[in-house]
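Next come the chains, spelled out residue by residue.
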Amino acid sequence: MNPRADSAAADADDRRAVTGKRRIAFAAYTDEARMPGLLVLLRSLVLTNPAVCEDFLVLHPGLPDAAFDAARRLHPRIVPYEAADHLDVFRVDAYDTVVALGPGSVVLGPLLPLLQLRTGVGAVPQPGPDGRRTVRDDGLLVIQRQDTGGTFLAGPADPERSGDAHGGDERVHRALGCEPGLLTPVDSRYDFLVGRLYDDTPVPDSTAVLRFTDTDRAGYAPAYEARDRYELDDDAFRAAYCALSGPKHPELLLHHALPLPAGGNAPVELVRQVADVLRQQGRYAEAVTLLTAAVDDRPDLPRCHETLGICLMALSRYEEAEAHLLLATVSPDFAARAYGQLARLAWLLGRTRDAHGYARDGLDADPTDANCRAWYVRTRERGTPAPVAPAADPAEQLAHVALFADGQENAGDKVLPEAVRMCFDADTGPRRWHQQSVHRLVDEPVLEELNARRGVIVGGGGLFLPDTAPNSNSGWQWNIADDVLGRVTAPLAVFAVGYNVFDGQRYRRDRFAASLRALVERSAFFGLRNQGSVARVRELLPEDLRDRVRYQPCPTTVARHLDPDWTDPVRRDDTVLVNCAYDRANLRFGHDYGHFLAEMDAAIRATGERAEVRYAAHMPADEKFVHDLRREHGTSLPVEPLYLRSNEQIRDLYRRTRLVIGMRGHAGMIPFGCGTPVISLVSHPKLAYFLTDIERPEWGVSVHDRALGARLAERATAVLEDHRAAVADVHGRQEHLWSVTRANLTGLREVFGLPLPAPRIPGPRSAEGAHGLHLPDTRTK
């Protein structure tokens, strides 16, 4: 039997098989008599761990489905699982980590440390009748399937001995395949027996899980008082959860707050929190409905108006959004943030001067606001330009629709658009190209500009992502409505775009799927940057359109073939560059960030014995890794701020280093395109997709891998010890990507009426270069 979460998480993207992300669940065994104890356990778990929401397996002897209705009201991720007894939890094979609790237990404190355990079977050794400490089979168990292998129990449970210290110990050891060494001792506060609190001893403040066995109330009053706090009816329980301060898990908050009380009786801040969660899940229309009712005739709720304005912007209701964001500026606490959103809104609509004014107003409200500063710089007039040659005829230009990074934005998004243009023309400047930001609304003037060009190229990059500059026109990053797309008369090509949805990310597929169909139908060429994206997008298309989706590698991966002045380095710096990413960190790391940091520290120390390890930050937020590593482990790394470098400087740094260990997609693809060996830290499916395309999956290690540090150190050592072979392998892998790109470009040049150039295939000049691996020169004469 393979239990899975119910429909609450059905709209979340699940690619754990690709990323290696751990599947975690709580579990408890119950029958009809023990069901009240299970409900107390669930209430206590939710109220003491409000930011934790994993699947909760309810093992049972065959209860009807209706028996779990009360539990489902308390927790959104109840998964019934028929079992012979409580130790059938060892048979569960749908999860990597299972935290088994007894239905007689009450959770009194945070359980996050249990979710971070990675080895063996965690348990609290308890005193036995003979004075020895042993493991009881009815206590806490933190089971790692990687260690137990889903071992089936040898024989049925013995009800006469279940819970007995010696009998329980024997059964647990049988469940572990007779390997008691797998038991990992856990601190007693996670399975504290009430029997230790005789004579009305108070419950220790450190207790996280209090377990009741056969004790009566007499002599144990403080323990029962702790349990009684969770004997609540459903309404009182929901109210208690919603009233908690601090972070709350989005699923739990929606489960307990909705539906909100009728008649506007819900606290306004609770309404805003619920609306903000709906916004994060892409449920903008629902958020707008809630907030519109809450702020009706209430201009004194700036934070609500700010959230409402952001949601209206995501629905492309720009005029209403602007009105509410302006209302949010009346508060000094929110003015700068609201002005930053107003600057973005005006820029999306092509009102650059208004955007600059809003950014300036935001800086007046808070001179330190980074968002307003960025918009102020982006939208300011540059002064009178120097005289230049007359602009080319628009009919001789290509329009390029892409994400154009500037300032201190993502270095990969700076390099990528230029690489796309280099595929079509050695001149990548404004004489040959009309630049159109993918996020700006395609209105009638913009449509006219696109149609005046000889062709429109959309890409590359991970544009198929729902929550970066969300809009209701397309459901992905290009802000174009279907009817406007249908009136694009210039030849249209989608080039090296990626399906960038994160593992576990929720998004509404209906609008995106409809826009996708219209885009494929309209495109003369539709190429995605990895075969994983090809497969995912084909899933969303009708059968008659699937064959039109083709493979087009990211042009950054063939940089050596695009630059006519490229030469491979004669010598490389004795360095290894490391890169990490922190956008959507909860989806990347789950509960494993502490583990990741410790393993990376071990890998960096080991690799540092062979080369200098430096840190390549693609954007300022990436530097969190350096700060955390120094704070937690005392290891300091020099930083290369790539977000401050030019494209040529970025490529030069990556081609001169000996190895790159990167988490960002372009921290792997750019150095690979420069001929540099890479190891990918897989926290997003796209990294694994790329390595599969080049037939080198072993070049990636999941950030969740238990032996991450050792694997990284071993692979880095292998690359550094035989660097010539590693570089040769990169060059050889690159040949296939280049041959696919050349074939696609031949067809695209015909579509756009461009001449066929004679692209240069670089020869390896480095002493470490690859000899004899290049394909014969088949360039057009």
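Residues numbered from 1 in each chain as written. Predicted model: local features only at pLDDT ≥ 70, side-chain atom pairs only at ≥ 80, totals over all residues. Heavy atoms only, no water.

**A closer look at the overall build of the protein chain**
Logical step 1: Within the protein chain one finds 31 helices and 25 strands.
Logical step 2: For the protein chain, the accessible surface area stands at approximately 31,900 Å², while carbon and sulfur atoms represent 50% of it. (Helix = DSSP H or I, 4+ residues; strand = E, 2+ residues; numbered from the N terminus. Areas by Shrake-Rupley, 256 points an atom, 1.4 Å probe, with all protein chains shown as cover.)

**A look at the sheet that holds strand E1 (residues 24-29)**
Logical step 1: If you trace the 7 strands from one edge of the open sheet to the other, you get E3-E2-E1-E4-E9-E6-E10, paired in mixed fashion. The sheet is open, and its two edges are formed by strand E3 (78-82) and strand E10 (183-185), each paired on a single side. The mean inter-strand angle of the sheet, taken between neighbouring strand axes irrespective of direction, is 25°.
Logical step 2: Pairing of strand E4 (residues 97-100) with strand E9 (residues 141-144) involves 4 bridges; the strand directions are antiparallel. Bridging from a neighbouring strand, Val99 pairs with Val142 of E9.
Logical step 3: Relative to the sheet, helix H2 (residues 35-48) contacts E1, strand E2 (55-60) and E3, its axis offset from that of E2 by approximately 170°. (Pairing = 2+ DSSP bridges. Axes fitted to C-alpha atoms, helices over the stretch in contact; angles between N-to-C directions. Contact = heavy atoms within 4.5 Å.)

**A few points about the sheet that holds strand E11 (residues 192-193)**
Logical step 1: In space, the 3 strands of this open sheet follow the order E5-E12-E11, with mixed pairing throughout. Because the sheet does not close on itself, it has two edges, and the strands there are strand E5 (105-107) and E11.
Logical step 2: Pairing analysis gives 3 bridges linking E5 to strand E12 (residues 209-211), with the strands arranged antiparallel. In the strand pairing of E12, Ser105 is matched with Arg211.

**Points about the nonpolar core**
Logical step 1: Grouped together as the largest cluster of nonpolar side chains are 91 residues, with contacts concentrated most on Phe26, Phe56, Leu111, Leu140 and Leu210.
Logical step 2: Broken down by element, the residue count for this core peaks at 9 residues, all from H2.
Logical step 3: For Leu111, the residues in contact, after removing those within four places along its chain, are Phe26, Leu45, Asn49, Tyr190, Ala208 and Val209.
Logical step 4: Ranked by size, the runner-up nonpolar core spans 44 residues in total, among them Val415, Leu577, Leu653 and Phe752. (Core = buried A, V, L, I, M, F, W, Y, C linked by side-chain atoms within 4.5 Å. Buried < 20%, exposed > 50% of the residue type's maximum accessible area, 1.4 Å probe, protein only.)

**With respect to empty space enclosed by the protein**
Logical step 1: Counted according to the given criterion, the structure contains 6 cavities of 30 Å³ or more.
Logical step 2: By volume, the largest cavity is sized at about 90 Å³.
Logical step 3: Together, Val415, Ala419, Met422, Pro555, Thr556, Ala559, Leu562, Asp563, Trp566, Arg651, Ile670 and Cys674 line the largest cavity.
Logical step 4: Broken down by secondary-structure element, the contributors of at least two residues to the lining of the largest cavity are helix H17 (411-424) and helix H23 (559-562).
Logical step 5: Per-element tally for the lining of the largest cavity: the top contributor is H17, with 3 residues.
Logical step 6: Residue composition of the lining of the largest cavity, by class: 9 nonpolar, 1 polar and 2 charged. (1 Å grid on protein atoms, 1.4 Å probe; cavity = no way out; pocket = protein on both sides within 12 Å on 5 of 7 lines; lining within 4 Å. Points joined across faces, edges and corners; volume = space filled by probe spheres on them. Nonpolar A, V, L, I, M, F, W, Y, C, P; charged D, E, K, R; others polar.)

**Concerning the confidence of the model for the protein chain**
A low pLDDT score tells you not to read the predicted coordinates there in detail.
Logical step 1: Summary statistics for the protein chain give a mean pLDDT of 89 and a share of 88% for residues scoring 70 or more.
Logical step 2: Segment residues 151-169: pLDDT under 50, and 40 contacts once partners within four positions in sequence are set aside and those in other chains are kept.
Logical step 3: Low pLDDT, under 50, characterises residues 764-781; the stretch is placed with 42 contacts to residues that sit more than four places away or in other chains. (pLDDT = per-residue confidence, 0-100.)

**A word on the pattern of salt bridges**
Logical step 1: Summed over all chains, the structure comprises 60 salt bridges.
Logical step 2: With a shortest N-O distance of 3.3 Å, Asp69 and Arg72 are connected by a salt bridge. Highlighted residues: Asp69 and Arg72, both in helix H3 (residues 69-74), separated by 3 residues, approximately one helical turn.
Logical step 3: The shortest N-O distance in the salt bridge between Arg631 and Glu632 comes to 3.1 Å. (Salt bridge = Lys/Arg side-chain N within 4 Å of Asp/Glu carboxyl O.)

**Some words on the environment of His305**
Logical step 1: Within the secondary structure, His305 is located in helix H12 (residues 302-314).
Logical step 2: Sequence separation between His305 and His324 is 19 residues, and the spatial gap between their C-alpha atoms is 5.1 Å.
Logical step 3: Non-local contacts of His305, meaning those with residues more than four positions away in its chain, are made with Val295, Arg298, Pro299, His324, Leu325, Leu327 and Ala328.

**Quick notes on helix H10 (residues 268-280)**
Logical step 1: With 13 residues, H10 extends 18 Å between its outermost C-alpha atoms, agreeing within 8% with the 18 Å of an ideal straight helix rising 1.5 Å per residue.
Logical step 2: Inspection of H10 places Leu270, Val271, Arg272, Val274, Ala275, Asp276, Val277 and Leu278 among the buried residues, and these make up the whole buried set.
Logical step 3: Count one or two residues on from H10 and you reach Gly282, which has phi positive near 80°. (Expected span 1.5 Å × (residues − 1).)

**Some remarks on the packing of aromatic side chains**
Two aromatic rings, taken as a pair, are described by how far apart their centres are and by the angle between their planes.
Logical step 1: Throughout the structure, instances matching the rule amount to 21 aromatic pairs.
Logical step 2: Put simply, the rings of Phe464, Trp476, Trp478, Tyr499, Phe512 and Phe526 pair up and form one aromatic cluster.
Logical step 3: Here the basic side chain of Arg378 rests over the ring of Trp347, its NZ or CZ set 5.4 Å away from the ring centre.
Logical step 4: Its end group placed over the ring of Trp566, Arg655 keeps NZ or CZ at 4.5 Å from the ring centre. (Phe/Tyr/Trp six-rings, centres within 6.5 Å; stacked < 30°, edge-to-face > 60°. Lys NZ or Arg CZ within 6 Å of the ring centre and 35° of its normal.)

**Description of the packing of helix H15 (residues 352-365) against helix H16 (residues 370-379)**
Logical step 1: The contact between H15 and H16 brings their axes to 8 Å, and the two run at 145°. Crossing of H15 against H16: the hand is left-handed. Only Cys372, Arg373, Trp375, Tyr376 and Thr379 of H16 make contact with H15, whose side of the interface consists of Thr352, Ala355, His356, Ala359, Arg360, Gly362 and Leu363.
Logical step 2: Of the residues contributing to the contact of H15 with H16, the split by class is 6 nonpolar, 4 polar and 2 charged. (Left-handed = near helix turned anticlockwise from the far one by under 90°.)

**Thoughts on the pairing of strand E13 (residues 398-402)**
Logical step 1: Summarising burial for E13: 5 of the 5 residues are buried, a large majority.
Logical step 2: Burial along E13 is two-sided: Leu398, His400 and Ala402 facing one way and Ala399 and Val401 facing the other are all buried.
Logical step 3: As defined by bridge partners, E13 adjoins strand E15 (residues 455-458) across 4 bridges and the pair is classed as parallel. Across the sheet, the residue bridging to His400 is Ile457, located in E15.

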